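Descriptive analysis of the structure
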Amino acid sequence: MDTLRIGLVSVSDRASSGVYQDKGLPALEAWLASALTTPFQIETRLIPDEQSIIEQTLCELVDEMSCHLVLTTGGTGPARRDVTPDATLAVADREMPGFGEQMRQISLNFVPTAILSRQVGVIRKQALILNLPGQPKSIKETLEGLKDEDGAVKVPGIFASVPYCVQLLDGPYVETDPQVVASFRPKSARRETLS
Ligand SMILES: Nc1ncnc2c1ncn2[C@@H]1O[C@H](COP(=O)(O)OP(=O)(O)OP(=O)(O)O)[C@@H](O)[C@H]1O
Ligand SMILES: Nc1nc2c(c(=O)[nH]1)N[C@H]1C(S)=C(S)[C@@H](COP(=O)(O)O)O[C@H]1N2
């Protein structure tokens, strides 16, 4: 069985040039380690907000490293150098508009400026590529969603739909810790796994 391969891309002029320490990649890695119960491998990249470099990086992770999932963080806003969604769309085979729509919905529960993110979800070949905002805390917020004080889900995070999407793209069977994020797939697509 193929191991899940995940590409993580932090897009930040200042973190990539050493003005501040990158918190995007560690936040992504920590969240995935808490959420995934199936084994996975990670490829990380820290790059500046340059459209050609973002496009090249996404293509390398999907075409050469054979990633099933690529998560980007940063560069989704309206500023001139925020070009991550543009680069993502430029290398996309198909758009998955639900991911961007749902992430903005979720984020509105955390910040009124959520609508400023132009984040998109797309498919390139076998891979699902998702843009997350640059604020490191937005990684957990959008992937995991919003819970009340008792841990009950108020707004489901987008990662709930990622395992089934990877499965539909002929990738490995991905499972998550329901305490962090409960993945959903239709009954007909569920497999009994030994744990
Ligand atoms: N990789 C990162 N590591 C730590 N903090 C970050 C990172 N990316 C963004 N941030 C924080 O989130 C804020 C909003 O992110 P945004 O992507 O808009 O960055 P920015 O202002 O365009 O600057 P840069 O691209 O140089 O990080 C930043 O001002 C910074 O405080
Ligand atoms: N969940 C979440 N979404 C968020 C934010 C956040 O802090 N949390 N910040 C917003 C802000 S202030 C901006 S400008 C946009 C774009 O951010 P980016 O350019 O860092 O990608 O994401 C928005 N979405």
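Calculation criteria
- Residues numbered from 1 in each chain as written.
- Chains lettered and ligands numbered in written order.
- Predicted model: local features only at pLDDT ≥ 70, side-chain atom pairs only at ≥ 80, totals over all residues.
- UniProt positions renumbered as here; feature names shortened; annotations may be inferred.
- Helix = DSSP H or I, 4+ residues; strand = E, 2+ residues; numbered from the N terminus.
- Contact = placed C-beta atoms within 7 Å.
- Near = placed C-beta within 6 Å.
- Nonpolar A, V, L, I, M, F, W, Y, C, P; charged D, E, K, R; others polar.
- Buried ≥ 20, exposed ≤ 12 C-beta atoms within 10 Å, placed from the backbone.

- The name an unreviewed UniProt entry gives the protein chain is Molybdopterin adenylyltransferase, with Kosakonia pseudosacchari as the organism.
- Its UniProt record, at the heading Function (unreviewed entry), says of the protein chain: "Catalyzes the adenylation of molybdopterin as part of the biosynthesis of the molybdenum-cofactor."
- Listed under Catalytic activity (unreviewed entry) in UniProt, the entry text for the protein chain is "molybdopterin + ATP + H(+) = adenylyl-molybdopterin + diphosphate".

1. Digging into the overall build of the protein chain
- When helices and strands are counted, the protein chain shows seven helices and eight strands.
- Projected onto its principal axes, the C-alpha coordinates of the protein chain cover approximately 45 × 40 × 30 Å.
- Excluding contacts between residues fewer than 6 apart, the proportion of contacts in the protein chain whose partners are at least 24 apart in sequence is 66%.

2. A closer look at the site of ligand 1
- Neighbouring ligand 1 are 18 residues; S12, D13, R14, K23 and G134 lie closest to it.
- Looking at the shell around ligand 1 element by element, the count peaks at three residues for helix α1 (residues 13-16).
- Looking at side-chain class alone, the shell around ligand 1 contains four nonpolar, eight polar and six charged residues.

3. Description of the UniProt feature "domain: MoaB/Mog" (unreviewed entry) in the protein chain
- Per the UniProt record, the feature "domain: MoaB/Mog" (unreviewed entry) sits at residues 7-153.
- Structurally, residues 7-153 is divided into 39% helix and 23% strand, and its ends, taken at the C-alpha atoms, are 27 Å apart.

4. What about the site of ligand 2?
- As a matter of local geometry, ligand 2 sits amid 19 residues, with T76, G77, S107, G134 and S138 nearest to it.
- Tallying contributions element by element places helix α6 (residues 137-144) first for the shell around ligand 2, with four residues.
- Classifying every residue of the shell around ligand 2 by side-chain character gives five nonpolar, 11 polar and three charged.

5. A few points about the environment of V180
- Residue position: V180 is located in the segment after α7 (162-168).
- Accessibility expressed as a C-beta count within 10 Å gives 19 for V180, which makes it partly exposed.
- Between the C-alpha atom of V180 and that of A35, which follows or precedes it by 145 residues, the distance is 5.6 Å.
- Residues within four places of V180 in sequence aside, it is in contact with S34, A35 and E144.

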